[in-house]
Amino acid sequence: MAEQDFSLNLDDLRPSPAEKRHLSDYFMPPRHSFILFHPDRCTGCGACEMICSTRNVEKVAPVSASVKVVRDEKEGKNFSILCQHCRKPLCLPACPTRAIERGADGIVRIDKLFCTQCGLCTMACPAAAPIKDSGSQEIHKCDLCEGDPLCVRHCPENALTFTRGKAFRWIKGLRWTVQLISFLLLVIVLTGTFCYFRAGSVSFSCPTGTLQNIASTGTIVLFGVSSAFALLILTILSGRLFCGWVCPFGFVLDLVDKMTPKKIGWPSFLKSRMTKYGVLAGAVGGSYALGFQVFCTICPIGTVCRAYGVQSFFRSAELAIVPALASLEIAQRRSWCRYFCPVGAVLGLTALLRLIKIAIGAKKCKKFSCIQCAEVCPVGIIDADKLREGLSPKIPMTECIMCMRCVDRCPYDAAKIRFRWQKAVPGEIRT
Amino acid sequence: MNPLQPFYNMKIGVVDLSASSADVIPLDKELVIKHLGGAAMNSAILEQYQGDPLIFGTGPLTGSFAPASSLMVASLVSPIFKRLCHIPFMLRTGPDMKFSGVDCLVVKGSAPEQSILHVNRGKIQILSAGNLQHLPVPEAIRELKKKSPPFQSLMMTGPAADRGVSFASVSIGPNGSLDKVGLASLIAKKNLKGIMLGGMDGLPFNSNNPYQGKELEKKISTDNNFKHRGFFSVLKKLDGGKYAGKSLKTSRKKDMACYHCPSPCMTHVTYSWHDPRDKETQDAQDGLLLLDHMGCVALAKKAGNNILPVLKTCLYYGLDPAGVAERLPEGGTLPEYFHAIDKIMSDNPPHTTGVPEAHCRFGGGVPPILAGDLWNKRVGLAMIIGVCPIFLLLFPQITDADLLAFISTSEDVLETLRDSLSSTIDSLSKV
């Protein structure tokens, strides 16, 4: 009788977790929670290390913490070493005993029972986040305190922010889809129809173009004026939704923004949102003086619709206008929309009559002060300092392009779309 | 029962440099209960030893959950003022002393050769430091980091103390300190270069409520000092914003805090300057952590806009900036200031004891931002309990009861501690 092999291997003791794949995994990012560190806020007091160590070793011992604050004495900068709970953690395959697991909640944990304290994970991690305790030789690694990190709660400067990832940002997906369809429709299929379009009794025209037309010709054609109302009515109903969701040049700017994540900044003396009203006045005044629609010749929305269509590809010098103005995106996100766009100016004035608003209830998010809404806002109208103080910021709806990034990004459902007469969050005093 | 047991290692390190011996002995329980800790306990220990002993001690709250619990007190008979003085040391020195396994360190005698102490895990080593003699502070730190056992905090003297300059000052890392009463001279007389604190251990504090510190933070959060905090708000209280604030206007600043402090009163400045002694090089970028408010004001009055290069030079040699300021020419140029500092280093002029009696009792560097007796009481309380004296001066609404609440919740214990504390504060103020 053949001798039976009873030897056990690692797979018998600790089988490799099977990779669970759902249909949604192919197009949705997995849930990803982590702690964000803001170096500009950190004063290096070490409260995070202190409180973290009490959880790890039941005594105050900063060297046994899972978070480390590194102080650069020459530069005066503080850095934190902290597990980022990567989507594909390198510590996980490095562990020879499979003691490290990534849970369904996205938290990467070390199972102390299986950890042999070999320290391979500390070498594999690019952030050196698993920390070997020089005393007990144990490996300490952040496990997000199972969803309520103590370091975040204890940081006196709110330099740490706990970010609960969302499974899927549906608004983002929908917005990009609508933007792409609008771009294809206005630029490729219905080339040039944004400026003026008429099919029988149905007509559409750009409100800024209409104003310039009235100024240049000195006559008001009722049909032409009424055709501009479509966009104005949309703005009254939904704010500047056109700018955030439909504008083909806005879509180009969003694409350029994706390609240029680092911004060089905009000189402060040029940072006046009133400039666009000046451009509008200049466009109307210039049209009156010169007898033709001055701004329309260089309007980036008009040119992107006219010059890039299939029929008119490489037709005119207008081609250069879009890249030239889109290059402003290197300085700041949506620079053109913030400071110069006269179409935005007309819609901004119309938005004074809007029915809806974006409201951010700071009471819901004060505990964490994550200010992600302020960070994602492409036109920079959310006051992060107010949020840090625990006050709800007032969103100027004349400037808001209704992209709803704040609503989409807020992990605490504190950013909402409300009717303008509703309070931000029931019972909250808005400033 | 000793209510302070969880707050101390109950160990005292005794170093006899003459005999090259270092022992760790139990800390007398009665001594702790009677004097609580810090400056009061140091005074009591000082009486037990002969021959210019130096005592480095911590308070019961040092390293604990109490806010700004960063204090270590050095007690000595000042060679300049010929009286008992207590010097506060902040940053992380206090907690690191406790986390190194001793609550108090007695240094007596004089070493046969230049030595440095390394304290870690309740053990003290006397190491040779002959290679560090006459090395500037930053270079000596670099040497130590390369060749000595690992340490978290470091207190050391510079070449000024090695040469016996009366303006010498002890430096915490490269950042200087509040020593203005000749501690550096006494250390140098003992042939000691400094003390390295390993801080590799921890202490299981009484952690019934780790959020107590946050609650106290809330209590002071409405205070004006909390809103307008930072190094410059303290400077403004000292000189009304006339000198130091103006002189430091052009540099980039970042608030920095000591261990577990919610109200940072230090700042890191980055500045560019040109060394007039080196004509070939271009403007250099430099960084400096400012923690000595009194020294900065004194230097700003004399050196004006040249304050930062002059201060950097003082810290480079391990000199007290306030003492140096007395010797600088009025309205001079940078080369003249450097010449004056070189002259101090070579000629060793006598120390002018210009520090007021009350201030020199507590090291001469604690800013007098409260009046007379109140200043005495607040600093006395801080120096005993182990909390930063500047923090307690900034927030007078934090009472001794608030701080004692971190030690115990039992009314009986608190009553005993209150009585003991008030009598020790009185005796400390009278000495």
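What you are looking at is a predicted structure, and each value in this text was computed from that prediction instead of being measured.

Okay, the domain arrangement of chain A next. Under the domain assignment, chain A is made up of domain 1 (27-163), domain 2 (170-345) and domain 3 (355-419). Taking only C-alpha atoms, the centre of domain 1 of chain A and the centre of domain 3 of chain A are 29 Å apart.

Take the pairing of strand 3 (residues 54-58) of chain B next. Each regular strand displays side chains that alternate between the two surfaces of the sheet. Residues and elements named next belong to chain B. Within strand 3, five of the five residues are buried, leaving the element largely enclosed by the surrounding structure. What you see with strand 3 is no split at all: Leu54, Phe56 and Thr58 on one side and Ile55 and Gly57 on the other are buried throughout. Inspection of the sheet shows strand 3 paired to strand 6 (residues 104-108) by four bridges, in the antiparallel sense. If you follow Leu54 over to strand 6, its bridge partner there is Val107.

With that settled, consider the pairing of strand 4 (residues 72-77) of chain B. Residue and element names in this part refer to chain B. Counting buried positions over the six residues of strand 4 gives five, a clear majority of the element. Here strand 3 runs beside strand 4; their pairing, made up of four bridges, is antiparallel. The partner of Gly57 across the bridge, within strand 4, is Val73. The pairing of strand 4 with strand 5 (residues 84-89) spans six bridges and is classified as antiparallel. Following the sheet pairing, Leu76 is matched in strand 5 by Cys85. In textbook terms, the turn of a hairpin is the stretch between consecutive antiparallel strands, and for strand 4 and strand 5 this stretch comprises six residues, one of which, Lys82, has a positive phi near 55°.

When glycine is set aside, most residues are seen to have a negative phi, and most peptide bonds are trans. Residue and element names in this part refer to chain B. Despite not being glycine, Met10 has its phi angle at roughly 60°, a positive value. At Leu36, a position not held by glycine, the phi torsion is positive, near 65°. Tracing the sequence through the fold places Leu36 in the loop between helix 1 (29-35) and helix 2 (38-48).

Our next topic: the confidence of the model for chain A. Residue and element names in this part refer to chain A. Per-residue confidence for chain A gives a mean pLDDT of 81; residues scoring 70 or more make up 85%. Here helix 1 (residues 10-13) stands out as the least confident element of chain A, with mean pLDDT 64; strand 7 (residues 139-140) is the most confident, with 93. Confidence over residues 426-431 falls short of pLDDT 50; this stretch has 12 contacts with residues more than four positions distant or in other chains.

Buried accessible area, meaning the area lost when the parts come together, often serves as the stated size of an interface. Listed per partner, the contact involves 24 residues of chain A and 29 residues of chain B. If you tally residues by element for the side of chain A that touches chain B, the top one is helix 2 (residues 47-57) of chain A, at six residues.

Let us now look at the sheet that holds strand 13 (residues 266-273) of chain B. Residues and elements named next belong to chain B. The three strands are arranged 12-13-14 in an open sheet whose pairing can be described as antiparallel. The sheet is open, and its two edges are formed by strand 12 (252-256) and strand 14 (284-290), each paired on a single side. Put simply, the sheet's adjacent strands are angled 20° from each other on average, direction ignored. Pairing of strand 13 with strand 14, which is carried by seven bridges, proceeds in the antiparallel orientation.

Counting residues in hydrophobic clusters, the biggest one holds 178 residues, and the most contacted among them are Cys104, Ile384, Val387 and Cys388 of chain B. Counting residues in each nonpolar core, the second largest holds 60 residues, with Ala228, Trp245, Trp336 and Ile381 of chain A among its members.

All names here are of chain A. Two elements in contact, helix 6 (residues 170-189) and helix 11 (residues 248-259), have axes whose closest approach is 9 Å; the angle formed by their N-to-C orientations is 125°. It follows from the interaxial angle that helix 6 and helix 11 lie oblique. Judged by the twist between their axes, the crossing of helix 6 over helix 11 is left-handed. Counted together, Gln179, Ser182, Phe183, Leu186 and Val187 of helix 6 and Pro248, Phe251 and Asp254 of helix 11 form the full contact between these two elements. Looking at the contact of helix 6 with helix 11 residue by residue, the classes come out as five nonpolar, two polar and one charged.

Let's shift gears to the sheet that holds strand 11 (residues 192-197) of chain B. Residues and elements named next belong to chain B. Strand order in the open sheet formed by five strands is 8-7-11-9-10, and the pairing between neighbours is mixed. Lying at the two open borders of the sheet, with one neighbouring strand each, are strand 8 (123-128) and strand 10 (171-172). Bridge analysis of strand 7 (residues 115-120) against strand 11 gives five bridges, and the strand direction is parallel. Residue Val119 lies in a different strand from strand 11, and its bridge partner there is Leu197. In the packing of helix 4 (residues 137-147) onto the sheet, contacts are made with strand 9 (153-156), strand 10 and strand 11, and the angle to strand 9 comes to roughly 135°.

What counts and what doesn't
Here, residues in each chain are numbered from 1, in the same order as that chain's written sequence. Each chain gets a letter, beginning with A, and each ligand a number, beginning with 1, in the order they are written. Side-chain atom pairs in this predicted model are given and counted only at pLDDT of 80 or more, local residue features only at pLDDT of at least 70, and totals for whole chains, interfaces and linings cover all residues. What marks off one domain from the next here is an automatic or database domain assignment. Counting other C-beta atoms within 10 Å of its own, a residue is labelled buried from 20 upward, exposed at 12 or fewer, and partly exposed in the gap between, with every C-beta atom placed from the backbone. The helix and strand labels rest on DSSP assignments: H or I over at least four residues marks a helix, E over at least two residues marks a strand, and numbering proceeds from the N terminus. Only strands joined by at least two bridges in the DSSP assignment are considered to pair. A score between 0 and 100, pLDDT records how confident the predictor is in each residue. By the convention adopted here, residues are in contact when the distance between their C-beta atoms, placed from the backbone, does not exceed 7 Å. Geometry is summarised by axes, namely lines fitted to C-alpha atoms with helices restricted to the contacting stretch, and by angles between N-to-C directions that run from 0 to 180 degrees. A set of buried Ala, Val, Leu, Ile, Met, Phe, Trp, Tyr and Cys residues, joined through C-beta atoms within 7 Å, is what we mean by a nonpolar core. An angle counts as roughly parallel when it lies under 35 degrees, as roughly antiparallel when it exceeds 145, as roughly perpendicular when it falls between 65 and 115, and as oblique in every other case. Each crossing gets its hand from how the near helix is turned against the far one by less than a right angle, where anticlockwise is left-handed and clockwise is right-handed. Following the grouping adopted for this structure description, the nonpolar residues are Ala, Val, Leu, Ile, Met, Phe, Trp, Tyr, Cys and Pro, the charged ones are Asp, Glu, Lys and Arg, and the polar ones are all others, Gly among them.

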